[in-house]
Amino acid sequence: MTPVGTARTQDPERGTLDKAADENFPVAPFFLPRAWRADLMAVYGFARLVDDIGDGDLAPGGADARLLGVPDARAGDRTALLDAFEADLRRVFDSTPGHPLLRRLQPTVRRTGLTPEPFLALIAANRQDQLVKRYESYDDLLAYCELSANPVGRLVLAVTGTSTPERIRRSDAVCTALQIVEHLQDVAEDLGRDRIYLPAQDMKRFHVQEADLAARSAGASVRALVAYEAERARGLLNEGTPLVGSVHGRLKLLLAGFVAGGRAAIRAIAAAEYDVLPGPPVPGKIQLLREVGVTLRGEG
């Protein structure tokens, strides 16, 4: 039997797509039409790979770098990989890309009329991660989420043919909220990458030093800061929730799942008494299903 790590090294496309099972919410659940599932997995493959490049989480062996035409000597150069990935993305729209995940994306782009802009924004977010390790203000963080999170929701709306200005606005609120919640869950992991997504102005307000984030358990000041940011995320989710009621059928269930995933994660953070430093507080399936029901009923 081939070890999982070896399999991912040999088949980077499959290795990347397999990570969908570990996400906070279903990427392309079974109840969606087959064409939507294929398109959403293609979009996921792009988003997951660009994040893996930006985080240095590619499978060992350099297979992705070779597929992108990056020399072995620069296989660990994230900026070079992102540049090559952008060049290969542009081939999706006018020729034939080299990476199999981008070849998988090409039929989706052609069928649904997707434009390069949301994909380029996700690449720009990962370029920013190589340069910006701290955010001074909440507005600075929101501008980052505009690149790193909001394009995903816009792509979901485009793939399903349901984009309108109002839905995009609501979707942006949901996606930004989900990004903030993920940052709260991953404070310790992000610090290990020398990144802090808690605004410096808020850290100062709550008397939190960077050293406090490296502790094994959060003190009262860190917990108060996390609670404050979680409440901000909750407000954004509430702002975006009418998106769910604006659509029908299976898409409504999918979008409810996104909102519910954020709400359930916030509840898990609260249940951990806002101590996120030992590891990400993760909601259970029952809590997630309960939140889906609440969201579908238009409560909360």
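Above this text is the structure in question.
Residues numbered from 1 in each chain as written. Predicted model: local features only at pLDDT ≥ 70, side-chain atom pairs only at ≥ 80, totals over all residues. Heavy atoms only, no water.

### Section: the overall build of the protein
Test applied: Helix and strand labels come from DSSP, where a helix needs a run of H or I of at least four residues and a strand needs a run of E of at least two; each type is numbered from the N terminus. Throughout, the radius of gyration refers to the C-alpha atoms, and the reference size of a globule is 2.2 Å times the residue count to the power 0.38. Under the scheme applied here, a residue whose accessible area is under 20% of the maximum for its type counts as buried, over 50% as exposed, and between as partly exposed, the area being computed with a 1.4 Å probe on protein chains only. Residue contacts are defined here by distance: any two heavy atoms, one from each residue, within 4.5 Å place the two residues in contact. Each accessible area value is a Shrake-Rupley result obtained with a 1.4 Å probe; residue values ignore everything except the protein chains displayed when judging cover. Here the positive residues are Lys and Arg and the negative ones are Asp and Glu; neither His nor the chain ends is included. To locate a charge, take atom NZ for lysine, CZ for arginine, CG for aspartate or CD for glutamate.
Looking only at helices and strands, the protein features 17 helices and zero strands. Its C-alpha radius of gyration of 19 Å places the protein within 12% of the 19 Å reference for a compact globule of 300 residues. Counting over 300 residues, the protein shows a buried share of 49%. Considering only contacts in the protein between residues 6 or more positions apart, those separated by 24 or more positions represent 67%. Of the roughly 13900 Å² of accessible surface on the protein, a fraction of 54% belongs to carbon and sulfur atoms. For the protein, the distance from the average site of its 37 positive side-chain charges to the average site of its 40 negative ones is 6 Å.

### Focus: the nonpolar core
Filter applied, for reference: Joining through side-chain atoms within 4.5 Å is the link that ties buried Ala, Val, Leu, Ile, Met, Phe, Trp, Tyr and Cys residues into a set, and such a set is a nonpolar core.
In terms of nonpolar packing, the biggest core is built from 77 residues, with Phe 46, Phe 85 and Leu 105 touching the most fellow members. Examining the composition of this core, we find that 10 residues originate from one element, helix H3 (residues 34-55), more than from any other. In this structure, Leu 105 is in contact with Ala 42, Val 43, Phe 46, Leu 89 and Phe 119, ignoring residues within four places of it in sequence.

### As for helix H8 (residues 138-148)
Spelled out, the test is: Working definition: the arc comes from the directions between the helix axis and the C-beta atoms, pointing outward to the latter.
Within the span of H8, buried status applies to Tyr 138, Leu 141, Tyr 144, Cys 145 and Ser 148. One face of H8 carries all of its buried residues, which in axial projection span an arc of 115°. Considering only its buried residues, H8 is in contact with helix H7 (117-131), helix H9 (150-159), helix H10 (165-185) and helix H14 (220-240).

### Let's talk about the pattern of salt bridges
Definition in use: The salt bridge criterion pairs a side-chain nitrogen of Lys or Arg with a carboxyl oxygen of Asp or Glu, the two atoms within 4 Å.
In this structure the tally under the stated criterion is 26 salt bridges. Where Glu 189 meets Arg 193, a salt bridge forms, and the shortest distance between an N and an O atom there is 3.2 Å. Note on Arg 193: relative accessible area 25%, which makes it partly exposed. For Arg 232, the salt bridge identified is with Glu 229, shortest N-O distance 3.4 Å. Taken together, the residues span about one helical turn, with Arg 232 and Glu 229 both in helix H14 at a distance of three residues. Since its relative accessible area comes to 2%, Glu 229 is described here as buried. The network of salt bridges with common partners includes Asp 83, Glu 86, Arg 90 and Arg 127.

### Considering the packing of H9 against H10
We count it as follows: Lines fitted to C-alpha atoms define the axes here, with helix axes fitted over just the stretch in contact, and angles between the N-to-C directions of these axes take values from 0 to 180 degrees. In these notes the angle categories are as follows: under 35 degrees is roughly parallel, over 145 is roughly antiparallel, 65 to 115 is roughly perpendicular, and the rest is oblique. In this scheme, a crossing is called left-handed if the near helix is turned counterclockwise away from the far one by less than a right angle; it is called right-handed if the turn is clockwise. Three classes are used: nonpolar for Ala, Val, Leu, Ile, Met, Phe, Trp, Tyr, Cys and Pro, charged for Asp, Glu, Lys and Arg, and polar for all others, with Gly counted as polar.
Running from N to C, H9 and H10 point in directions that differ by 135°, and their axes come no closer than 8 Å. Put simply, H9 runs oblique to H10. Like other packed secondary-structure pairs, H9 and H10 cross with a definite hand, here right-handed. Residue-level inspection shows Asn 150, Gly 153, Arg 154 and Leu 157 of H9 in contact with H10, the latter providing Arg 167, Ile 168, Ser 171, Asp 172, Cys 175 and Thr 176. When grouped by side-chain class, the residues that make up the contact of H9 with H10 number three nonpolar, four polar and three charged.

### Considerations on the packing of aromatic side chains
Heads up, the rule is: When the centres of two rings from Phe, Tyr and Trp lie within 6.5 Å, Trp using its six-membered ring, the rings pair. Their planes under 30 degrees apart give stacked, over 60 give edge-to-face, and anything left gives tilted.
This structure, assessed with the given rule, holds eight aromatic pairs. Ring geometry for Phe 46 against Phe 85: centres 5.1 Å apart, planes inclined by 25°, an arrangement best described as stacked. A residue pair is termed long-range when its members are at least 10 positions apart, and Phe 46 in helix H3 and Phe 85 in helix H5 (residues 78-94) qualify at 39 residues. For the pair shown, Phe 46 and Phe 85 are each scored as buried. With a centroid separation of 5.0 Å and an interplanar angle of 80°, the aromatic rings of Phe 46 and Phe 119 are classed as edge-to-face. In this pair, Phe 46 is assigned in helix H3 and Phe 119 in helix H7, connecting sequence segments 73 residues apart. Look at Phe 46 and you get buried, because its relative accessible area is 0%. Residue Phe 119 is classed as buried on the basis of its relative accessible area, which comes to 0%. An aromatic cluster is defined as three or more aromatic residues linked by ring pairs; in this entry it consists of Phe 46, Phe 85, Phe 93 and Phe 119.

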